[in-house]
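Listed below, chain by chain, are the residues.
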Amino acid sequence: MSTQLDTQLASLKALADTQTAAYYMSRDQLHQAFVDTYLWWREADKQAGYLDAKYAAAGITTRKRKANSPNFYPLVRLVWNIDPTKQASTISNWAKSLLALHDEYTGKTELYAQNARADLINYIKDEGGLARLRGEKGMTAAELAAEEAAGVQLMQRGRPKLTAPAPANVAASKLEAVKAIAPKATIPSFPTAVTNADNLVVMLGRKNAAGQIEIVGSNYSDQLVQTALDACTALDRSNVTLSLRLIAEALEPHALPAKLESYRKKFFDDSEVERTVTLRDLDKDGNPKTEVQKIKQATRLRYRPTATDFLVSKTATPASLVTYARPNAAFVCADEVILRGADRSWIESELLNKQKLTLYKAEPNNGLAATQGTVKATHTLRLDDAASEHTRNIYFYEKSTVPVESNQQPSIKNQAALNWNWELETTVQWLAEFDAQCATPYVNTIRGFFNRSKFASIQLQLGKTELELRYWYENDVYAYNYSLPYNSNAKRLGKKTSTQLFTANAKDLALVFAVLPTLPITSQNVLLSGNSNVMRVKYSTELADYETYIPAADTAGLRDATAFELYGA
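How each quantity is defined
Residues numbered from 1 in each chain as written. Predicted model: local features only at pLDDT ≥ 70, side-chain atom pairs only at ≥ 80, totals over all residues. Heavy atoms only, no water. Helix = DSSP H or I, 4+ residues; strand = E, 2+ residues; numbered from the N terminus. Contact = heavy atoms within 4.5 Å. Areas by Shrake-Rupley, 256 points an atom, 1.4 Å probe, with all protein chains shown as cover. Buried < 20%, exposed > 50% of the residue type's maximum accessible area, 1.4 Å probe, protein only. Polar contact = N/O pair within 3.5 Å; in protein donor to acceptor, adjacent residues only side chain to side chain. Pairing = 2+ DSSP bridges. Core = buried A, V, L, I, M, F, W, Y, C linked by side-chain atoms within 4.5 Å. Salt bridge = Lys/Arg side-chain N within 4 Å of Asp/Glu carboxyl O. Axes fitted to C-alpha atoms, helices over the stretch in contact; angles between N-to-C directions.

Draft legend 1. Broad picture of the overall build of the protein. A count of helices and strands for the protein gives 14 helices and 23 strands. Across the protein, contacts joining residues at least 24 apart in sequence account for 64% of those joining residues at least 6 apart. Accessible surface computed for the protein: about 31100 Å², of which carbon and sulfur atoms make up 50%.

Draft legend 2. Inspection of the side chain of His379 at higher detail. Structurally, the position occupied by His379 is in strand β11 (residues 379-385). Since its relative accessible area comes to 9%, His379 is described here as buried. Looking at His379, its side chain comes within polar contact range of the side chain of Asp335, at 3.2 Å. Apart from residues no more than four positions distant in its own chain, His379 is found in contact with Cys333, Asp335, Val337, Leu368, Ala369, Ala370, Thr371, Ile394, Tyr395 and Phe396.

Draft legend 3. Representation of the pairing of strand β13 (residues 409-412) in the model. Of the two faces of β13, the one lined by Gln409 and Ser411 and the one lined by Pro410 and Ile412 are each fully buried. Bridging between β13 and strand β23 (residues 564-567) involves four bridges; their strand directions are antiparallel. Pairing of Ile412 across the sheet is with Phe564, part of β23.

Draft legend 4. Structural detail: the side chain of Glu547. On the secondary structure map, Glu547 appears in strand β22 (residues 544-551). The exposure class of Glu547 is buried, given its relative accessible area of 11%. Of note is the side chain of Glu547, whose polar atom sits 2.5 Å from the side chain of Tyr549. Not counting residues up to four positions away in its chain, the partners in contact with Glu547 are Val322, Thr323, Tyr324, Arg326, Gln415, Arg536, Val537 and Lys538.

Draft legend 5. Examining the nonpolar core more closely. In this structure, Tyr442 and Met535 are the most contacted members of the largest nonpolar core, which totals 82 residues. If we skip the residues at most four places from it in the chain, Met535 touches Trp422, Leu460, Phe502, Leu509, Phe513, Leu528, Ser529, Gly530, Thr548, Tyr549 and Ile550. Val35, Phe72, Ile121 and Ile124 belong to the second largest nonpolar core, which has 29 residues in total.

Draft legend 6. Structural view of the pattern of salt bridges. The full count for this structure, using the stated rule, is 20 salt bridges. With its nearest N and O atoms 2.5 Å apart, the salt bridge here joins Arg340 to Asp119. Remark: Asp119 occurs in helix α5 (residues 116-127) and Arg340 occurs in the loop between β8 (337-339) and α11 (341-353); sequence separation between them is 221 residues. When salt bridges that share partners are traced, they join Asp119, Asp126, Arg340, Asp343 and Arg392 into one network.

Draft legend 7. Molecular detail of the sheet that holds strand β19 (residues 500-505). With respect to topology, four strands assemble into an open sheet ordered β17-β16-β15-β19, the strand pairing being antiparallel. Because the sheet does not close on itself, it has two edges, and the strands there are β17 (477-485) and β19. Neighbour to neighbour, the strand axes of the sheet diverge by 25 degrees on average, direction disregarded. As defined by bridge partners, strand β15 (residues 457-462) adjoins β19 across six bridges and the pair is classed as antiparallel. When the sheet's bridge partners are listed, Leu462 is paired in β19 with Gln500. Against the sheet, helix α13 (residues 428-446) makes contact with β15, β16 (466-474) and β17, and its axis sits at roughly 155 degrees relative to β17, the strand it touches most.

Draft legend 8. Quick peek at the environment of Ser483. On the secondary structure map, Ser483 appears in strand β17. Along the sequence, Ser483 and Gln461 sit 22 residues apart, while their C-alpha atoms lie 9.1 Å from each other.

Fair warning: the whole summary comes from geometry, so function is off the table for now.
Rendered as structure tokens:
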């Protein structure tokens, strides 16, 4: 009997493999059909009465909408010939997915100007498919395990209670890496500690007055172990292609870490720079309406061959965080180029926040290649994740091809001429402690309300023995503070007798102090320097030397542009 069952199981597995391959091929074809349908609709919609005639000929009733957004319900029925009496939910879901695709395209038209079809298909894949595109949440592996243990609960409502784990390939890589990594400390004996099947255990410790870590509890839950792996370990980047690794690393000081991701929209303000946009609506004479819109600030990465550095800062503002990354080895690119915004966003979200950087190989190895064909972009870096069979081209534009109103970005006027009122020499260890004891509690307290007047600025006070973070400006004073002693991991340089103050926009300092402990810093020290106009953070990694500049601000968070100038003007 068991032999017969084994034979049947083998047949089922073979059939399942065939069906799975067909499913993924079918899903990819559906994504392509969605994009082709959307782009066809954009052209058809320009011809007055054409779509209405097609809907009428197919017996499809169109309904007027209260909102101004397009009605994709009849389009879905027209193209896929779906019977609403049998597949109403499919029509609804696909129409919502098309609307989400439309919102993405119309909101970022310039990002899809060169190869809309390929980039929109990539966008759907990056979002996780049509369901994720329209805002639905998929079940995570942790949620599946919890459901299996608890039993199926029908009609369950509410948001998932479990945190989504890292992608399976990232989790597997971390699991393999942690088995061989050198320990940071060793506990001689802990008889009651139980490990999971991989010999891993999560421990809860507390620091006593003598500085010793006392273990007060442990747990071998696979879910907790995975969470600890995500939070406590970083994958080795040494095998990542140099060009990709350097570009991601240069962006990292400006990329929102996971703990600030929920506040992303707060970090990108509207600017005073305006542009005229052509709308779909027509005026009384039948001409497309136009609208003057303020350009949204965005992070810009630019490679400058003359200066042999990467310049990273925000566009459409006179002052922002500014980072110079100066590679140790020559980066092969003779032209001054700018990274495409959609690719910069993808690198931040997928390669950095979701920790997929180590999964990709890139060509060329150290520099950029000239693009082929008629695409607007002039340079490219081709990425390939062999395990998931995902490829993507990262595009760069030669500076002269970028619109004037968005070409400019802040830089430092004269770095060599800057003089510092104070300097604090720190270590990565001390910066991590400052983040844990000061910066993170501050973020948790104000809960992302950076744009409220009383939370718009942060003030640093450098005393003789400690650094103090002051916040909540009300009645002409900062009402609350956190502080951390310098101890042996930080020290003030130069004159230490006077107390020094530095006030900055809250979003700038919150980002810098959240990111610093996570960077792949290899220099022995991280040097913080400041004057009345700007603060500098200086450090090195294996690949480059870095300087990040933070503009000073008033108590209302208004940035001081004294030390800055617009590059690319």
